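Listed below, chain by chain, are the residues.
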Amino acid sequence: MTTPLIPLRHLFDNPERALARPSPDGRRLSWVAPRDGVLNVWVRDIDGGDAVPVTDDRDRGVRSYLWSRDATRILYLQDTGGDENTHLHAVDATGAGRARDLTPYPGVRAGLIGAPRATPRHVLVSMNLRDRALFDAYRLTLATGRLELVGRNPGNVIGWLADREGRVRAAWAQTPAGDHELLVRDDEAGEFRVVAEYANEDGGHPFAFTPDGTRLWVGSARGSDLLRLVELDPADGSEREIDADEEVDLSGPIISDRTGELLGAVYLRDRVVMHAFDERLARDWERVRALHPGDPRISGQDAEETMWVVSFDDDRDPGATFLYRRDTGESELLFRSRPWLDPATLAPMRPVTITSRDGLRLHSYLTLPLDAEPRDLPAVLVVHGGPWARDAWGYDPQAQLLANRGYAVLQVNYRGSTGFGKAFMHAAEREFAGRMHDDLIDAVEWLVGEGIADRSRVGIYGGSYGGYAALVGATFTPDVFAAVVSVVGPSSLVTLVRSFPPYWRPLLASTWFRYVGDPDDPEQLADLEARSPLNRVDDIVAPLLVIQGANDPRVTQAESDQIVAALRARGVEVEYMVKDDEGHGFVKPENRMDAYGAIERFLARHLGGRAAEG
């Protein structure tokens, strides 16, 4: 029996419901759901009844939000057309009145540092209001929008941290060489002092202050390949190891919002692993794990921590969400985010490990069509963005679309992917279009060697860095791929770096300059040019589809324009889609479906998979 074609809308339209949160007082429940086709926040009583929409976004939708600490407001960040200049908005949680822009400054990007429990009438925000390249810390009064500068960025701070009293007392800074410093002060009137220094590869990111405010919990890889959870003493910079995993880096700690105590630590192997330090957490974690076969995530809780909202990531049942009452152990299924998807028609995602030509273990994920013998299939190598990110097990609508259309889908955590230790990550230094690409070719060879893929029908597809990797595949190894799809992919490493927004400039020493190169250095400029697909367009023989958001501040439209223009000047046909109301990735459902419809038809034409009619 042939698995029916899953409509694009079922995969890429808005979810029916998602992102449930209990209010801090435990009296109400919120979630996002479509309102006239656009995602907005809805609220109802915790015990049931009718829900009312409390936000009224008519454009890009509300994609993340939180409750104010006093349970009176919903807060959310929103940009314009994908420009990433997010503003903080607030709306009454009863649905009365209109949303207010609390940071109404054109061209300014606001971020949320935190909503401290001790100061419910305020939140802490970061903004590049004073200098577009630097983010200062402000205390914002929710009722009036009044701002108080509480952390002035001297030019090197890349992150701020408050203690449990709501005082900005720590900062994470970058040195000119791209290493990191941890800064602490005794109170907001004091001066920051450097309390610890970390080499670039050793981390040093602070998560929280201890309950008494005297020490910090930090992610550190000092003296270790893997990132561990440590307690740092600001008096002398010494570390005491709290927890570590044997296989992967620390993802983050679990800290009680009510008491500030450290309860556990989370790690992402092929599946989520949690190390519990607290008996109650361990008990409740095991109870919620029994609710669903996916990986649980505590996505919300009330202020007293008596109830959790738990959502599950599952390869074939996305977004199953439960309300779990910790005092009784009772649970209630709130919703499945996409109830129209039948898990029986979705393909399982299987972890596989591929060995690179120089001996690295590449943790990867294979998704195969349900109704085809896994022999000599058309295949698509899907390359994640970042590159400082990783693929993980769970629901992936792209993988499901491709597997449903008959392709073997392989996703590879190539060197430079995060979570697998500092040696693995730093093996990617100056390896764009080099060993990073070799890892992808080795993955193709594995797929063909296993008999799964037909060598003549392998495509490559990715977004952001993945789009660059696709263009590298088309230019550096033109005989490997029979179809290439680049979504918001850089074509020139030189013009890419020179086009980054001003607020990226303080970050470049530890990221792009360290790993890729500085175009202002003549020797490095030559290397960047050599690794840029734009300079090898004459080698492209595979059909190419390019997709771009016009407002993308990370990979500007010029990156796609210039390679499309170069190909067309040669008389080479290239498909090109630009969406004027999108940025770095498509948010609007109709644009997502246009893009994936184009990808579906393009791959079917050149690799021989299935495609829906029309």
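Quick summary incoming for the structure in this document. All figures in this text were calculated on a predicted structure; none of them were measured in a lab.

About the criteria used
- Residues numbered from 1 in each chain as written.
- Predicted model: local features only at pLDDT ≥ 70, side-chain atom pairs only at ≥ 80, totals over all residues.
- Heavy atoms only, no water.
- Pairing = 2+ DSSP bridges.
- Helix = DSSP H or I, 4+ residues; strand = E, 2+ residues; numbered from the N terminus.
- Axes fitted to C-alpha atoms, helices over the stretch in contact; angles between N-to-C directions.
- Salt bridge = Lys/Arg side-chain N within 4 Å of Asp/Glu carboxyl O.
- Buried < 20%, exposed > 50% of the residue type's maximum accessible area, 1.4 Å probe, protein only.
- Contact = heavy atoms within 4.5 Å.
- Parallel < 35°, antiparallel > 145°, perpendicular 65-115°, else oblique.
- Nonpolar A, V, L, I, M, F, W, Y, C, P; charged D, E, K, R; others polar.
- Phe/Tyr/Trp six-rings, centres within 6.5 Å; stacked < 30°, edge-to-face > 60°.
- Core = buried A, V, L, I, M, F, W, Y, C linked by side-chain atoms within 4.5 Å.

**Quick notes on the sheet that holds strand β19 (residues 228-233)**
Part 1 of the reasoning: Across the sheet, which stays open at both edges, the four strands sit in the order β17-β18-β19-β20 with antiparallel pairing between neighbours. Only two strands of the sheet have a single partner each, and these edge strands are β17 (203-209) and β20 (238-243). On average, each strand axis in the sheet is tilted by 35° relative to the strand beside it, whichever way the strands run.
Part 2 of the reasoning: Inspection of the sheet shows β19 paired to β20 by five bridges, in the antiparallel sense. Of the residues in β20, the one forming a bridge with leucine 232 is glutamate 239.

**Some details on the sheet that holds strand β8 (residues 100-101)**
Part 1 of the reasoning: Ordered by their spatial adjacency, four strands build an open sheet running β5-β6-β7-β8, and the pairing between neighbours is antiparallel. Taken across any chain shown, the strands that pair with only one partner, and hence form the sheet edges, are β5 (66-67) and β8.
Part 2 of the reasoning: Pairing analysis gives two bridges linking strand β7 (residues 87-92) to β8, with the strands arranged antiparallel. Bridging from a neighbouring strand, alanine 90 pairs with arginine 100 of β8.

**Regarding the pattern of salt bridges**
Two side chains of opposite charge can pair, provided their charged atoms sit close to one another.
Part 1 of the reasoning: Tallied over the entire structure, the rule returns 51 salt bridges.
Part 2 of the reasoning: Arginine 228 serves as the salt-bridge partner of glutamate 241, at 3.0 Å between the closest nitrogen and oxygen. You can see glutamate 241 sitting in strand β20 and its partner arginine 228 sitting in strand β19, a full 13 residues away along the chain.
Part 3 of the reasoning: Taking relative accessible area as the criterion, arginine 228 reaches 11% and is therefore assigned buried.
Part 4 of the reasoning: Here aspartate 245 and arginine 269 are joined by a salt bridge, their closest N and O atoms 2.7 Å apart. Of this pair, aspartate 245 sits in the loop between β20 and β21 (250-255) while arginine 269 is found in the loop between β22 (262-268) and β23 (272-276), placing the two residues 24 residues apart along the sequence.

**A look at the environment of glutamate 332**
Part 1 of the reasoning: With respect to the helices and strands, glutamate 332 occurs in strand β27 (residues 331-335).
Part 2 of the reasoning: The spatial distance from the C-alpha of glutamate 332 to the C-alpha of threonine 321 is 8.6 Å, given a sequence separation of 11 residues.
Part 3 of the reasoning: Once residues lying within four places of it in the same chain are set aside, the contact partners of glutamate 332 are Arg44, Thr321, Phe322 and Leu323.

**Comments concerning the packing of helix α5 (residues 435-449) against helix α6 (residues 465-476)**
Part 1 of the reasoning: Across the interface, α5 lies against α6 with an axial gap of 11 Å and an inter-helix angle of 75°. Relative to α6, α5 is oriented roughly perpendicular. Together, Met436, His437 and Leu440 of α5 and Tyr465, Ala469, Val472 and Gly473 of α6 make up the contact between the two elements.
Part 2 of the reasoning: Considering only residue class, the contact of α5 with α6 consists of five nonpolar, two polar and no charged.

**A word on the packing of aromatic side chains**
Part 1 of the reasoning: Scanning the entire structure with this criterion turns up 15 aromatic pairs.
Part 2 of the reasoning: Measuring from centroid to centroid gives 5.9 Å for tryptophan 160 and phenylalanine 192, while their planes differ by 50°, and the two rings are tilted. You can see tryptophan 160 sitting in strand β13 (residues 157-162) and its partner phenylalanine 192 sitting in the loop between β15 (180-184) and β16 (193-198), a full 32 residues away along the chain.
Part 3 of the reasoning: On the basis of an interplanar angle of 70° and a centroid distance of 5.6 Å, the ring pair of phenylalanine 420 and phenylalanine 424 is categorised as edge-to-face. Here phenylalanine 420 and phenylalanine 424 have matching classes, each one buried.

**Observations concerning the nonpolar core**
Part 1 of the reasoning: Among the nonpolar cores identified, the biggest contains 70 residues, and Leu381, Leu410 and Trp512 are the most heavily contacted of them.
Part 2 of the reasoning: Not counting residues within four places of it along the chain, the set of residues in contact with tryptophan 512 comprises Trp388, Phe432, Leu496, Val497, Phe500, Trp504 and Gly517.
Part 3 of the reasoning: In terms of nonpolar packing, the next biggest core, distinct from the first, is built from 34 residues, Val380, Leu401, Leu545 and Ile599 among them.

**Quick word on the pairing of strand β4 (residues 48-53)**
Part 1 of the reasoning: For strand β3 (residues 38-45) and β4, the ladder comprises three bridges, and the chain directions are antiparallel. The residue bridging valine 43 from the neighbouring strand is valine 52, located in β4.

Remember that the coordinates give geometry; whether it matters functionally is a separate question.
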